[in-house]
Amino acid sequence: SMMFHDARAFNQPLTFDTREVTNMKGMFWKARAFNQPLTFDTSKVTNMHSMFFHATAFNQPLMFDTSQVTNMEYMFNDARAFNQPLTFDTSQVTNMSYMFWNARAFNQPLVFNTSQVTNMRGMFCNARVFNQPLTFDTSQVTDMRYMIQSAAAFNQPLPFDMRKVTTMEGMFIGADAMTYPRPRVGEALNIQLVKMNHIIATGSGGIFVTDDFRKLPKTCLVKPDPDDAEEVISKSHVELLTQGDII
């Protein structure tokens, strides 16, 4: 781990035999000039924490075998040029916190198996151009703090299972493109979106105020009851709208 830590000028081809390597934590940490193809055998690697942390020039395809990896925390944190497709096997990964933090160029589809992930804190924080559908299995996730904070282009529905999530502090702060849905007057956007996610996940009812219902997922389109002051109401009192209905 930390093999090329802070090797700021290093940019040479690597033909290492990595068949027995288990830990690549911080391998290219702050290797700011490095941008060489990597054909490593990673079949035994379990830890890729911070592997390309602040490797600001790196933008190469990665065909890694990640089937044994459990930790991808900070993996592309501040990898500002990186924008390559990722087909990682993430079935063993438990930690994806800050994985794409400040990955300013990254905007690739992600079809990750996240069934074991418990931590998605700050995963796309400040990933400024990222705007891809997320169909993650979040059934084990407990921490989503700052997950999409300042991801300024992100505007996708989030059909997440939130039942085990214990903290969502600042999840949507600065995610200014989000229209799923717009907030109530006087209510913070992140609070309104937390409520929306809960309603989608649980199938319960809810009231949302928006200027364009056509942009909302059908599962959360509701006709507010003017006689019901509650912001979250039972499913029996909600009339679901179809896309394009006028109210």
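Peer 1: An account of the side chain of Q84 is requested, with residue identities and associated values reported.
Peer 2: One can find Q84 in the segment before α1 (189–202). Q84 gets classed as buried once you look at its relative accessible area, which sits at 15%. There is a polar contact of 3.2 Å between the side chain of Q84 and the side chain of N59. Leaving out residues up to four positions away in the same chain, Q84 has contacts with N59, Q60, P61, F106 and Q108.

Peer 1: Could you give an account of the pattern of salt bridges, naming the residues involved and the relevant values?
Peer 2: As enumerated under the stated definition, the model contains 5 salt bridges in all. For D17, the salt bridge is made with R19, and the minimal N-O distance between the two is 2.6 Å. Judged by relative accessible area, D17 falls into the exposed class, the value being 53%. D143 serves as the salt-bridge partner of R145, at 2.6 Å between the closest nitrogen and oxygen. A relative accessible area of 23% means that R145 is categorised as partly exposed. The exposure class of D143 is buried, given its relative accessible area of 8%.

Peer 1: Any chance you could break down the confidence of the model for the protein chain for me, citing the residues and the numbers?
Peer 2: Regions with low pLDDT should not have their predicted coordinates read in detail. Residues with a pLDDT of 70 or more make up 72% of the protein chain, whose mean pLDDT is 80. Low pLDDT, under 50, characterises residues 181–186; the predicted model gives this stretch 19 contacts beyond four residues in sequence or across chains. Across residues 204–225, confidence stays below pLDDT 50; counting only partners more than four residues off in sequence or on other chains, it has 76 contacts.

Peer 1: Explain the environment of F136 to me, and be specific about the residues and the numbers.
Peer 2: Its place among the elements puts F136 in the segment before α1. By relative accessible area, which is 5% here, F136 ends up buried. Separated by 19 residues in sequence, F136 and V117 place their C-alpha atoms 9.6 Å apart. The residues contacting F136, other than those within four sequence positions of it, are L110, F112, T114, M120, M123, F124, M147 and F160.

Scoring rules and cut-offs
- Residues numbered from 1 in each chain as written.
- Predicted model: local features only at pLDDT ≥ 70, side-chain atom pairs only at ≥ 80, totals over all residues.
- Heavy atoms only, no water.
- Helix = DSSP H or I, 4+ residues; strand = E, 2+ residues; numbered from the N terminus.
- Buried < 20%, exposed > 50% of the residue type's maximum accessible area, 1.4 Å probe, protein only.
- Polar contact = N/O pair within 3.5 Å; in protein donor to acceptor, adjacent residues only side chain to side chain.
- Contact = heavy atoms within 4.5 Å.
- Salt bridge = Lys/Arg side-chain N within 4 Å of Asp/Glu carboxyl O.
- pLDDT = per-residue confidence, 0-100.

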